[in-house]
Amino acid sequence: MKEYDLVVVGGGSAGLAASIAAYEDGVKSILLLEKEKFLGGILLQCIHNGFGLHEFNEQLAGPEYAQRFVDKFMSYGIEYKVDTMVLGINEDKSIIYSNKEDGYSIVKAKAIIMSTGCSERTRGAIAIPGSRPSGILTAGLAQRYLNIDGYLVGKRVFILGSGDIGLIMARRMTLEGAKVLGVAELMPYSNGLNRNIVQCLHDFDIPLYLSHTVSNIIGKDHLEKIVVSKVDDKMNFIEGSEMEFEVDTLLLSVGLLPSNVLLEDMGMEMSSTRGPKVNEMMETCKEGIFACGNSLHVHDLVDFVTKEGREAGKGASRYLKGLVTRNEECLECVAGDGISYVIPQYVHVSNVDDNVEFKFRVRSPMENKKIVIKINDQVIKSVVKLHLLPAEMETVVVKKGEFTSNNGKLVIEVEER
Amino acid sequence: MKEFICIVCPRGCHLKVDDDGNVTGNSCIRGEKYGKQEAIDPRRTLTSTVKIKSELVRRLPVVSSEEIPKDKVKEVVRCLDSVEVSAPIKVKDVIVKNVMGLGVDIVATRTIEK
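Rules and cut-offs
- Residues numbered from 1 in each chain as written.
- Chains lettered and ligands numbered in written order.
- Predicted model: local features only at pLDDT ≥ 70, side-chain atom pairs only at ≥ 80, totals over all residues.
- Heavy atoms only, no water.
- Contact = heavy atoms within 4.5 Å.
- Buried area = accessible area lost by both parts, 1.4 Å probe.
- Salt bridge = Lys/Arg side-chain N within 4 Å of Asp/Glu carboxyl O.
- Helix = DSSP H or I, 4+ residues; strand = E, 2+ residues; numbered from the N terminus.
- Nonpolar A, V, L, I, M, F, W, Y, C, P; charged D, E, K, R; others polar.
- Pairing = 2+ DSSP bridges.
- Axes fitted to C-alpha atoms, helices over the stretch in contact; angles between N-to-C directions.
- Buried < 20%, exposed > 50% of the residue type's maximum accessible area, 1.4 Å probe, protein only.

Caption draft 1: Spotlight on the interface of chain B and chain A. Across the contact, 29 residues belong to chain B and 31 residues belong to chain A. Across the interface of chain B and chain A, roughly 2600 Å² is buried in total on both sides, 55% from carbon and sulfur atoms. Linking chain B with chain A are four salt bridges, by the criterion used here. Among the ionic pairs, Arg44(B) bridges to Asp203(A), the shortest N-O distance being 2.5 Å. When residues of the side of chain B that touches chain A are traced back to their parent elements, those giving at least two are β5 (47-53), β6 (59-64) and α2 (73-80) of chain B. Here the side of chain B that touches chain A takes four residues from α2(B), the largest share from any one element. For the side of chain B that touches chain A, the residue count by class is 12 nonpolar, seven polar and 10 charged.

Printed below as a string of structure tokens:
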């Protein structure tokens, strides 16, 4: 059985950054496994620009952002296999995969980085009433058909959900000749970035219906018509508010779910983000198995995925070099009032190199608040934030010296100023 | 009077720009600059794909080398419908030079080796 120091599962932004960081930190025996035919992940179908502002201080199209990391990865001669599906991971860190060349194979790893990305929520996940004709698909799938395969999936389109992929597809399909009749969002506020609301909807006079959702789907073989209804504050349809749209396509942009089948099969418990719980170096509860990117939690900017991949790569390198300080003492990090999740969930202060960057999201849009970090009920840090949106991930950096205790509970919460 | 939502930061101020280019509703100087630009000469970066003869892929993603006037975006995309290139192509290769005489090139955003 072939053995590597590090096996990386998933060759998108997170996996590429993790492999590169580990290599640059001295790990030379690396194998990256990717299920698609190319390295680069979902960025290859995100042909719009706006990527890389944090990482490169310039705006790049998705494929171009990916290309920079693929080129660097290749220049290091790191070993990789594409068109390769990982089927399972055993307790001893052996990895079962299959592809056309090797058939069913097993490799052994001393450390593993999971960067398996996320998948889109489907019609089944949100239980839209009505018949089940063709013509209803997720926005990301329509994006793949259009940008990679060259097929426009419909001519008259409605979009459910104001997630960024849906907004981007509203513009993209309009430019390719389709008529986008509207976007409905269940919540009273949009889930997409402001820039996308303006440049994808306003630019093309596409209406955004807030507090609205699809209440019926009509069509025998193919989609013919949808009914959109307003919802009250309990999310119930308001009778009499129905609007009908004759469309051949309904795109769903209703959220993303981290893909962690492999870790779940190992019996690993998932957190509220649907990703594994990790510590200060992105290591899961199983020693030597790390996680990063959208399979850990769904990110809004790829730049942050890259950064997190790098953290996991460095963490794996530390682990492989035997530099990890482990003792029983550990802080459990939890989301307090107004916060939906916190990453990392555990911090071993003795193992912190320089600082820990906590990542979190607020539960609802807020203005002029204080983000407070407490350890065992004592405030260690507070930061004023003028604008907070669930669609934008927030971060607070805590320096090693600022941790007032090595064990107990660290809470991040929103307070009035 | 024109109205915009500012996209400079996540706050999303509702800007009003009068006929003399005076911006109100902004909270910072960057918002004022954005409002003026949007009122006088709105521009957008264009991204699309073109046909490519390749063993590996069917479409090549492209971008405009600079922002183009907003009202020209649709025409430029139509003009790219008939463009076909052949691999190999490298990132930043010029696919259409000076598209529609706008002084802006259409360039590749992906490397396709064969």
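Caption draft 2: Representation of the sheet that holds strand β23 (residues 355-362) of chain A. Residues and elements named next belong to chain A. In spatial order, the strands read β21-β23-β26; together these three strands make up an open sheet with antiparallel pairing. With one partner strand each, in any of the chains shown, β21 (339-343) and β26 (394-399) form the two edges of the open sheet. The sheet shows a mean angle of 25° between the axes of neighbouring strands, direction not considered. Taken together, the six bridges between β23 and β26 define a ladder with antiparallel strand orientation. Counterpart to Phe-358 in the pairing with β26 is Val-396.

Caption draft 3: Seen up close, the sheet that holds strand β25 (residues 378-388) of chain A. Residue and element names in this part refer to chain A. Strand order in the open sheet formed by five strands is β22-β20-β27-β24-β25, and the pairing between neighbours is mixed. Two strands close off the open sheet at either side, each with one partner strand: β22 (346-347) and β25. Pairing of strand β20 (residues 331-335) with β22, which is carried by two bridges, proceeds in the antiparallel orientation. Residue Glu-332 lies in a different strand from β22, and its bridge partner there is Tyr-346.

Caption draft 4: Fine view of the pattern of salt bridges. In the structure shown here, the tally under the stated rule is 31 salt bridges over all chains. The residue Glu394(A) makes a salt bridge to Lys385(A) at a minimum N-O spacing of 3.0 Å. Pair check on accessibility: Glu394(A) and Lys385(A) agree, each one buried. A salt bridge links Asp105(B) to Lys97(B); the nearest nitrogen and oxygen atoms lie 3.5 Å apart. Taking the relative accessible area as the measure of exposure, Asp105(B) reaches 16% and is therefore buried. Residue class for Lys97(B) comes out exposed when judged on its relative accessible area of 63%. Here the salt bridges do not stand alone but share partners, grouping Arg172(A), Glu176(A), Arg78(B) and Asp81(B) into one network.

By themselves, these observations are geometric and do not establish any function.
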